[in-house]
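# A closer look at the structure
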Amino acid sequence: MGFVSVLLEIIGFGVGIPFGLIIGYFIFIYKEPQDVKVPIIRPLRDLDSDSLLDLLDEMPLWVKTSDYDRAEWLNKFICDMWPYLDKAICGIIRSTTEPIFAEYIGKFQIKSIDFETLSLGTLPPIVHGIKAHETNENELSLEPAIRWAGNPNILLVLKFSSLRITLQLTDLQISMVPRIVLKPLVPTFPCFANVVVSLMEKPHVDFGLKLLGGDIMAIPCLYQFIQQKTIRRQVASLYLWPQTLEMPILDSLVATVKKPVGLLHVKVVRAHKLLKKDILGASDPYVKLSLSGERLPAQKTSIKMKTLNPQWNEDFKLIVKDRRSQVLQLHVYDWEKVGMHDKLGMQVVPLRLLTPNVTKELTLNLVKNRNPNDPHNKKYRGQIVVEITFNPFKEDNERFSAVLNEKVRKDSGSERATEDVHLPPSGPGLLLLVIQSAEHVEGKHHNNPYATVLFKGERKNTKLIKKTRYPCWNEEFEFMLEEAPVKEKIHIEVMSKRKSFGFSFKESLGHVDIDLVDVVHNDHINKKYNLIRSKHGVIHVELRWKVT
């Protein structure tokens, strides 16, 4: 009997422990708390110091710091729009998840996966404060503090051959401070091309997850694993600054402000067997060069008098902004002392056919126009010989990598340490100047400001804006240089002009002289400069130095 009793005790212990754990588990996750107390609401003046300290985390940021502003107007807007935002967001969720669910149907005996109910609830998110960052870049940066204690009703149903499993998300709570950057600002509605979002700190996410009606998030170990180690870590790895989520708003072709991407070196070598336009059986040819899509005046060769086989051997540099679509336009004219110049022929060269940094010599048959069906193009009009090289500008990361690699070799001792690493690259380049705006510019007699730029004897002006002390020009100027301007200065002066009775009256509102050595070494400067001979005047200037 002793052996039998011991055996029964072991069997009872082995069966009772698992059975008890299972029963306890279901009671734990299915039992609803009955002792929920109604919170007591009291004025802040009646609370003691310990209670106030406990409430500090719940206070909105606009109470704690002056950097954040109240956003009651925004909360009112979100509250009124929330029913429509709920349907729109849920529609996006359904359309996004449908192809993902479709990949699993038929696998693992799954017959269907679908949302039985999908709603974000009636409680909208609340913005507890919003902060705007002022930067010199062409962007708008916002940091809203968002908290959402929602009551969503999201029920996902998985149907197997003989089983139906439900997964329900409840009691969702989210607290985060995202940085929302609208950039770049462009003159096309809605006036920004992309929305870039990143999180400034790890978000707090809490929710209930019911499996077959039981809240599995009530299990302490599982709750800690999902909340802390899975969700927060994964969200942080994807979107915590400096990681970003970029959402395009405008089409890239519409929103992109074309910037220079390289220099096109063109050498007009010669032409032969051109048409005779003069009475004595010769011509006075010259060539006009330009790139399509540019408003700049065309560049010209010298005029070769009384010849049908001119030799030029002249070099030109053109700024390329879109190699895929731009073409080099070559027009040959016969110079006339009086009257219109006669057109001898033309030809184009698509830049997409050029290999970067490779010189290509082309012998081109001249035609009348670009229409391939025009019968006049069958007439022989002579040939022109050109040498073309496209040199793309080095990106900032390429130049940084080159300097870094040189520094690594210097530290490793493989090369003798020199100061050449810090010297700017020699050779031709492009200086880009963008005059953004000015502030507090005030004249004694009138305020019609415009900016004038003087560099290497060349003067360029922005447009004139009438009756303002805060003009915004946002105009770009380009200067092609043979060498890096390490010893040069650029002079920028804000002027005011008024016309009266046919006379122009000008007045200086302040000026600044900018050393370009920092631009050459840093590639890019975006800064506000105090104007000399102005009480409080400031001008916002952006400078870039690009080399091939």
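What counts, and where the lines are drawn
- Residues numbered from 1 in each chain as written.
- Predicted model: local features only at pLDDT ≥ 70, side-chain atom pairs only at ≥ 80, totals over all residues.
- Heavy atoms only, no water.
- Helix = DSSP H or I, 4+ residues; strand = E, 2+ residues; numbered from the N terminus.
- Buried < 20%, exposed > 50% of the residue type's maximum accessible area, 1.4 Å probe, protein only.
- Contact = heavy atoms within 4.5 Å.
- Areas by Shrake-Rupley, 256 points an atom, 1.4 Å probe, with all protein chains shown as cover.
- Pairing = 2+ DSSP bridges.
- Axes fitted to C-alpha atoms, helices over the stretch in contact; angles between N-to-C directions.
- Polar contact = N/O pair within 3.5 Å; in protein donor to acceptor, adjacent residues only side chain to side chain.
- Salt bridge = Lys/Arg side-chain N within 4 Å of Asp/Glu carboxyl O.
- pLDDT = per-residue confidence, 0-100.

With that settled, consider the overall build of the protein chain. Helix and strand counts for the protein chain stand at eight helices and 26 strands. Among the 548 residues that make up the protein chain, the fraction classed as buried is 36%. In the protein chain, the proportion of contacts linking residues at least 24 apart, taken out of those at least 6 apart, comes to 65%. For the protein chain, the accessible surface area stands at approximately 34700 Å², while carbon and sulfur atoms represent 57% of it.

Let us now look at the sheet that holds strand 17 (residues 360-365). Ordered by their spatial adjacency, four strands build an open sheet running 14-11-18-17, and the pairing between neighbours is antiparallel. Strands at the two margins of the open sheet, each flanked by one partner only, are strand 14 (311-320) and strand 17. On average, each strand axis in the sheet is inclined to that of its neighbour by 25°, with strand direction left out of account. Alignment of strand 17 against strand 18 (residues 383-392), held across six bridges, turns out to be antiparallel. Each bridged residue has a counterpart across the sheet, and for Lys360 the counterpart in strand 18 is Ile388.

This next bit is on the side chain of Gln436. Within the fold, Gln436 resides in strand 19 (residues 429-439). A polar contact of 3.2 Å, which involves the side chain of Gln436, links it to the side chain of Glu542. Every residue in contact with Gln436, bar those within four places of it in the chain, is listed here: Cys472, Trp473, Asn474, His540 and Glu542.

This next bit is on the sheet that holds strand 26 (residues 538-547). Strand pairs in the sheet, formed through backbone hydrogen bonds, run parallel or antiparallel to each other. Taken together, four strands build an open sheet; the order of strands is 22-19-26-25 and the sheet is antiparallel. Across the chains shown, the open sheet's two edge strands, defined by having one partner strand only, are strand 22 (472-481) and strand 25 (524-530). When the angles between neighbouring strand axes are averaged without regard to direction, this sheet yields 20°. Pairing of strand 19 with strand 22, which is carried by eight bridges, proceeds in the antiparallel orientation.

To continue, consider the pattern of salt bridges. Applying the stated rule across the entire model yields 16 salt bridges. For Glu478, the salt bridge is made with Lys321, and the minimal N-O distance between the two is 3.3 Å. Highlighted residues: Glu478 in strand 22 and Lys321 in the loop between strand 14 and strand 15 (327-334), separated in sequence by 157 residues. On the accessibility criterion, Glu478 (16% relative accessible area) is buried. Residue Glu475 pairs with Lys463 through a salt bridge whose shortest N-O separation is 3.4 Å. Of this pair, Glu475 sits in strand 22 while Lys463 sits in the loop between strand 21 (458-461) and strand 22; the two residues are twelve residues apart in sequence, bridging distant segments of the chain. Judged by its relative accessible area of 17%, Glu475 is buried. Connected via shared salt-bridge partners are Lys131, Glu143 and Arg179.

Confidence in the prediction of the protein chain, expressed as mean pLDDT, is 82, and 84% of residues score 70 or more. Scored below 50 in pLDDT, residues 400-404 makes one contact in the model with residues more than four places away or belonging to other chains. Segment residues 414-422: pLDDT under 50, and nine contacts once partners within four positions in sequence are set aside and those in other chains are kept.

Our focus in this paragraph is the environment of Leu481. Along the chain, the position of Leu481 falls in strand 22. In this structure Leu481 comes out as buried when scored by relative accessible area, which is 8%. The sequence separation of Leu481 and Leu430 amounts to 51 residues, and the corresponding C-alpha distance is 6.1 Å.

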